[in-house]
Amino acid sequence: MILILFGPPGAGKGTQAQRLEKSHGLVQLSTGDMLRAAVTAKTENGVRAQEKMASGKLVSDDIVIGIINERIAAEDCKGGFILDGFPRTAAQAEALDEMLNEQGLKLDHVILMRVDDDALVDRVSGRFACGACGAGYHDSFKPTKVEGVCDECGATDFSRRKDDNRETVATRLTAYYADTAPVLPYYSEQGVLTQVDGMAGIDEVAAEIASVLDA
Ligand code: ADP
Ligand code: ADP
Ligand code: ZN
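What you see is a predicted model; the values in this text were computed from it and never measured.

Participant: Let's hear about the site of ligand 2: which residues, and what values?
Facilitator: G14, T15, R127, Y137 and A200 are the nearest of the 18 residues found near ligand 2. Note that an oxygen atom of ligand 2 is positioned 2.8 Å from one of the backbone N or O atoms of G10. One nitrogen or oxygen atom from the side chain of K13 is found 2.8 Å from an oxygen atom belonging to ligand 2. Here ligand 2, which alone exposes 560 Å², has 91% of that area covered by the protein. Of all the elements in the fold, those that place two or more residues in the shell around ligand 2 are α1 (13-24) and β6 (136-138). In terms of residue count, the dominant contributor to the shell around ligand 2 is α1 (three residues). For the shell around ligand 2, the class distribution of residues is seven nonpolar, seven polar and four charged.

Participant: Now, about unusual backbone geometry: what can you tell me, with residues and values included?
Facilitator: Each neighbour pair has its own omega, and for F86 with P87 the value is 0 degrees, a cis peptide bond. Positionally, P87 belongs in the loop between β3 (81-84) and α5 (90-102). One non-glycine residue, K42, adopts positive backbone phi at about 55 degrees. Looking at where K42 falls in the secondary structure, it is placed in the loop between α2 (31-40) and α3 (44-55).

Participant: Hey, could you go over the sheet that holds strand β4 (residues 109-114) for me, with residue numbers and the actual values?
Facilitator: Reading across from one edge, β2-β3-β1-β4-β8 is the order of the five strands in this open sheet, with parallel pairing throughout. Of all the strands in the sheet, just β2 (27-30) and β8 (193-197) have a single pairing partner and so form its edges. In this sheet, adjacent strand axes meet at a mean angle of 25 degrees when their direction is disregarded. Note: β4 against β8, five bridges, orientation parallel. Paired with R114 across the bridge in β8 is D197.

Participant: Any details on the layout of surface pockets? Residues and values, ideally.
Facilitator: Space inside the second largest pocket adds up to approximately 310 Å³. Along the walls of the second largest pocket sit R36, V39, T40, Q50, M53, A54, R160, R161, K162 and D163, which together make up its complete lining. Split by residue class, the lining of the second largest pocket holds three nonpolar, two polar and five charged.

Participant: Give a detailed account of the coordination of the zinc ion (ligand 3), specifying residues and quantitative values.
Facilitator: Surrounding the zinc ion (ligand 3) are the protein donor atoms C130 (SG), C133 (SG), C150 (SG) and C153 (SG), at 2.3 to 2.4 Å. Between the four donor atoms coordinating the zinc ion (ligand 3), the angles at the centre fall across 102 to 115 degrees, so the site counts as tetrahedral. Here the donor residues of the zinc ion (ligand 3) are spaced in sequence according to C-x2-C-x16-C-x2-C. Of the two residues, C130 is situated in strand β5 (residues 127-130) and C150 in the loop between β6 and β7 (158-159); the sequence distance between them amounts to 20 residues. In terms of burial, C130 and C150 fall into one category: buried.

Participant: Mind laying out the packing of aromatic side chains, listing which residues take part and the relevant values?
Facilitator: Evaluation of the coordinates by the stated rule reveals six aromatic pairs. Between F128 and Y137, the ring centres sit 5.6 Å apart and the planes meet at 25 degrees, which makes this aromatic pair stacked. Among the residues examined, F128 registers a relative accessible area of 12% and is labelled buried. The buried category is assigned to Y137, whose relative accessible area is 4%. Counting every residue linked through ring pairs, the aromatic cluster contains F6, Y176 and Y177.

Participant: Break down the site of ligand 1 for me, with residues and values.
Facilitator: P9, T31, K57, G85 and R172 are the nearest of the 18 residues found near ligand 1. Here R161 contributes a side-chain N or O atom positioned 3.1 Å from an oxygen atom of ligand 1. Look at ligand 1: alone it shows 550 Å² of surface, and the protein chains cover 98% of it. Counting residues per element, the shell around ligand 1 draws most heavily on α2, at four residues.

Participant: Report on α5, specifying residues and quantitative values.
Facilitator: Taking 1.5 Å of rise per residue, the 13 residues of α5 would be expected to cover 18 Å, and the 19 Å separating its terminal C-alpha atoms lies within 8% of that figure. Among all positions in α5, only Q92, A93, A95, L96, D97, M99 and L100 are buried. Buried residues along α5 sit against β1 (2-6), α4 (61-72), β3 and α8 (184-189). At the C-terminal side of α5, G104 shows a positive phi close to 70 degrees.

About the criteria used
Residues numbered from 1 in each chain as written. Chains lettered and ligands numbered in written order. Predicted model: local features only at pLDDT ≥ 70, side-chain atom pairs only at ≥ 80, totals over all residues. Heavy atoms only, no water. Near = heavy atom within 4 Å. Polar contact = N/O pair within 3.5 Å; in protein donor to acceptor, adjacent residues only side chain to side chain. Areas by Shrake-Rupley, 256 points an atom, 1.4 Å probe, with all protein chains shown as cover. Helix = DSSP H or I, 4+ residues; strand = E, 2+ residues; numbered from the N terminus. Nonpolar A, V, L, I, M, F, W, Y, C, P; charged D, E, K, R; others polar. Pairing = 2+ DSSP bridges. Axes fitted to C-alpha atoms, helices over the stretch in contact; angles between N-to-C directions. 1 Å grid on protein atoms, 1.4 Å probe; cavity = no way out; pocket = protein on both sides within 12 Å on 5 of 7 lines; lining within 4 Å. Points joined across faces, edges and corners; volume = space filled by probe spheres on them. Donors = N, O, S within 2.8 Å, 3.2 Å for Na, K, Ca; no water. Tetrahedral: all angles 85-135°; square planar, octahedral: opposite > 155°, others 65-115°. Buried < 20%, exposed > 50% of the residue type's maximum accessible area, 1.4 Å probe, protein only. Phe/Tyr/Trp six-rings, centres within 6.5 Å; stacked < 30°, edge-to-face > 60°. Expected span 1.5 Å × (residues − 1). Contact = heavy atoms within 4.5 Å.

Honestly, that's just the spatial picture; any functional story needs more than this.
Rendered as structure tokens:
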């Protein structure tokens, strides 16, 4: 199963991808996570991507396409994967089709998670993640069960993304509407696009996605 979780910043892509890893045995491929790792490691890609990410602009297509091309060929992706945050431009969508073709793979579903802009700002502003295992949380909507302790691994240090502030979210939303949302007709023409109500609670969204995948 190859699946794209599609939606604006804060829509819940990462949250649902983490659940699908467990429920459906798929691997989450988040270009945002990969780019942040590259920035931290100060690789050539990381150095090139850093400023764009900090300001909320898209990183160049050649960098993310290169990262994904390498990643989907890896052994752990053989059982299926979830693209979280890729593709974000028409050029990335076309490159993905070529990569999948070359490897004899086929895209099964593109799931659009629809969320109102106001809710996105609230979601992004309260987002944090476990520093050890990466599990995602929210101050109000998905707190840890025990305050200050990760539900998944018991670690006690957490991180917040520097780009999760009001100004950067506005820039990221502009990029989403200008460059990313226009890719949707490409997938509806291919007959792979399904919309889910991303405004619903995390469990309800998970159930709606599962019903699409298991149909
Ligand atoms: P979000 O929570 O907004 O969906 P991500 O973690 O997916 O954020 O992405 C963080 C940043 O990384 C983006 O604002 C952008 O600068 C960069 N980025 C991630 N994926 C891509 C991509 N496919 N194309 C271009 N830039 C990307
Ligand atoms: P994305 O990967 O699309 O940027 P995330 O999955 O990181 O989004 O979700 C953004 C924030 O909103 C996180 O703090 C997450 O815990 C929270 N969140 C995710 N889904 C929902 C939901 N359905 N309702 C309320 N909050 C949610
Ligand atoms: Zn953890």
